[in-house]
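Fold and geometry: a report
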Amino acid sequence: MSNYKVYFDSGTTKLVLPVNPEEIEVKYAQANEKYEVLKLGQVVIPTHVELRSFSFECELPAKPPIYTETPNYFISPDEYLKIFRAWQGYKKPMWFIASNGIGEDISTKVLIESMTIIERAGEEGDKFVTFQLIEYQEFAKRQDVVIKEKVTIAQKANASSQASNPKKPTTYMVQSGDTLWGIAKRFYGNGAKYTTIYDANKDKVKNPNLIRVGQVINIP
């Protein structure tokens, strides 16, 4: 079992892949429009950066091998696929996370665009699934922007109230495969802020590299 974990988290269900993919391909694309201009020929105009896409193949073994990333529990390939298809049917995004606790992790909301399932001779019962994921961004209605030269008294009072009544820190229960780096990446968008979580939990976390499954930690 390695420190590298690849999993999906729908908010109610966390699904760790039993075998890590050999590689994850991340695609960044620039959308462009081409025009034919008299005497100039073809010109290209960049329009926007497209959403990232992720593709990889993973193995769903029919029996738990010695190299599984989920030694404490076993889910059959059919059960994995049932959950994945249900997520597709719900048409709701889930978190896709690939974390090794070192360097930049993948941590983003995605939709499952497609799954290609293969069964191979000599490996009866095992399923090999090729995933195509697309980064998800929430759609926000366009709103008119109103520029105000002065802050009203009500706005000042509200700001003062927020300063005197800061939000209470939330808590998080450590799941299998979690690291402080990965948790900081999830809550703050920056894994390097794991020290903030560690400093707030020194009474229960003695070593930032060692956290226990089921442990409840404060997220300041």
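You'll find the structure just up there.
Because the structure is predicted, anything quoted here is derived from the model rather than measured.

Some thoughts on a nonpolar patch on the surface
On the surface, a cluster of nonpolar side chains totalling about 370 Å² of accessible area is made up of Tyr35, Val37, Leu40 and Ile45. By secondary structure assignment, the location of tyrosine 35 is in strand 4 (residues 30–37). According to the relative accessible area criterion, tyrosine 35 is partly exposed, its value standing at 38%.

Some points on the packing of aromatic side chains
Evaluated as defined, the whole model comprises 12 aromatic pairs. Between phenylalanine 56 and phenylalanine 96 the ring centres are 5.6 Å apart and the planes differ by 5°, which places this aromatic pair in the stacked class. Placement of the pair is phenylalanine 56 in strand 6 (residues 53–60) and phenylalanine 96 in strand 7 (residues 94–99), with a sequence separation of 40 residues. Both residues of the pair, phenylalanine 56 and phenylalanine 96, belong to the buried class. Aromatic pair tyrosine 80 and phenylalanine 84: ring centres 6.3 Å apart, planes at 25°, arrangement stacked. Residue tyrosine 80 and its partner phenylalanine 84 are both found in helix 1 (residues 77–90); the two are separated by 4 residues, about one turn of the helix. Given the relative accessible area of 0%, phenylalanine 84 is considered buried. By the ring-pair criterion, three or more aromatic residues cluster together here, those being Phe8, Phe54, Phe56, Tyr80, Phe84, Trp87, Phe96 and Phe131. Here the basic side chain of lysine 14 rests over the ring of tyrosine 7, its NZ or CZ set 4.3 Å away from the ring centre. In this arrangement the basic side chain of arginine 120 is found over the ring face of phenylalanine 128, its NZ or CZ atom lying 4.0 Å from the centre.

Brief notes about the nonpolar core
Ranked by size, the top nonpolar core spans 24 residues in total, and within it Phe8, Phe56, Phe84, Phe96, Phe131 and Leu133 carry the most contacts. Secondary structure elements with two or more residues in this core: strand 1 (5–9), strand 6, helix 1, strand 7, strand 8 (106–118) and strand 9 (127–135). Element by element, the count of residues in this core is highest for helix 1, at 5 residues. When residues no more than four places from it in sequence are discounted, the contact partners of leucine 133 are Phe8, Arg52, Ser53, Phe54, Phe56, Phe96, Val110, Leu111, Ile112 and Glu113. Among the nonpolar cores identified, the runner-up in size contains 11 residues, and Tyr172, Val174, Leu180 and Ile219 belong to it.

Observations concerning the sheet that holds strand 6
Read from one edge to the other, the open sheet built from 7 strands follows the order 2-1-7-8-9-6-3, with strand pairing classed as antiparallel. At either end of the open sheet lies a strand with only one pairing partner, and these are strand 2 (14–16) and strand 3 (25–27). Within the sheet, the average angular offset between the axes of one strand and its neighbour, ignoring direction, is 35°. Relative to strand 7, strand 1 is paired through 5 bridges, and the arrangement is antiparallel. Pairing of phenylalanine 8 across the sheet is with phenylalanine 96, part of strand 7. Taken strand by strand, helix 1 contacts strand 1, strand 2, strand 6, strand 7, strand 8 and strand 9, and its axis lies near 120° from that of strand 8.

Here's the deal with the side chain of serine 99
When you line up the elements, serine 99 lands in strand 7. Owing to a relative accessible area of 5%, serine 99 belongs among the buried residues under this scheme. In this structure the side chain of serine 99 is engaged in a polar contact, spanning 3.3 Å, whose partner is the side chain of aspartate 105. Ignoring any residue separated from it by four or fewer positions in sequence, one finds serine 99 in contact with Asn3, Tyr4, Lys5, Asp105, Thr179 and Gly182.

Comments concerning the layout of surface pockets
Remark: the empty space left among the atoms is shown by a probe the size of a water molecule rolled over them. Roughly 240 Å³ of internal volume is contained in the second largest pocket. Taken together, 13 residues line the second largest pocket, and the ones lying closest to its centre are Pro21, Glu22, Glu23, Glu57 and Cys58. Elements with a contribution of two residues or more to the lining of the second largest pocket: strand 6 and strand 9. Partitioned by chemical class, the residues of the lining of the second largest pocket number 5 nonpolar, 3 polar and 5 charged.

Re the pattern of salt bridges
Considering all chains together, one arrives at 8 salt bridges under this definition. Lysine 14 is the partner of aspartate 178 in a salt bridge, and the nearest nitrogen-oxygen pair spans 3.3 Å. You can see aspartate 178 sitting in the loop between strand 10 (170–173) and helix 3 (180–188) and its partner lysine 14 sitting in strand 2, a full 164 residues away along the chain. Among the salt bridges present, the one from lysine 109 reaches glutamate 138, with a minimum N-O distance of 3.9 Å. Taken together, the positions of lysine 109 in strand 8 and glutamate 138 in the loop between strand 9 and helix 2 (153–164) put the pair 29 residues apart, joining distant regions of the chain. Accessibility expressed as a relative area gives 29% for lysine 109, which makes it partly exposed. Given a relative accessible area of 62%, glutamate 138 falls into the exposed group.

Scoring rules and cut-offs
- Residues numbered from 1 in each chain as written.
- Predicted model: local features only at pLDDT ≥ 70, side-chain atom pairs only at ≥ 80, totals over all residues.
- Heavy atoms only, no water.
- Patch = residues over 30% accessible without salt bridge, like charges linked within 9 Å, V, L, I, M, F, W, Y side chains within 5 Å.
- Areas by Shrake-Rupley, 256 points an atom, 1.4 Å probe, with all protein chains shown as cover.
- Salt bridge = Lys/Arg side-chain N within 4 Å of Asp/Glu carboxyl O.
- Helix = DSSP H or I, 4+ residues; strand = E, 2+ residues; numbered from the N terminus.
- Buried < 20%, exposed > 50% of the residue type's maximum accessible area, 1.4 Å probe, protein only.
- Phe/Tyr/Trp six-rings, centres within 6.5 Å; stacked < 30°, edge-to-face > 60°.
- Lys NZ or Arg CZ within 6 Å of the ring centre and 35° of its normal.
- Core = buried A, V, L, I, M, F, W, Y, C linked by side-chain atoms within 4.5 Å.
- Contact = heavy atoms within 4.5 Å.
- Pairing = 2+ DSSP bridges.
- Axes fitted to C-alpha atoms, helices over the stretch in contact; angles between N-to-C directions.
- Polar contact = N/O pair within 3.5 Å; in protein donor to acceptor, adjacent residues only side chain to side chain.
- 1 Å grid on protein atoms, 1.4 Å probe; cavity = no way out; pocket = protein on both sides within 12 Å on 5 of 7 lines; lining within 4 Å.
- Points joined across faces, edges and corners; volume = space filled by probe spheres on them.
- Nonpolar A, V, L, I, M, F, W, Y, C, P; charged D, E, K, R; others polar.

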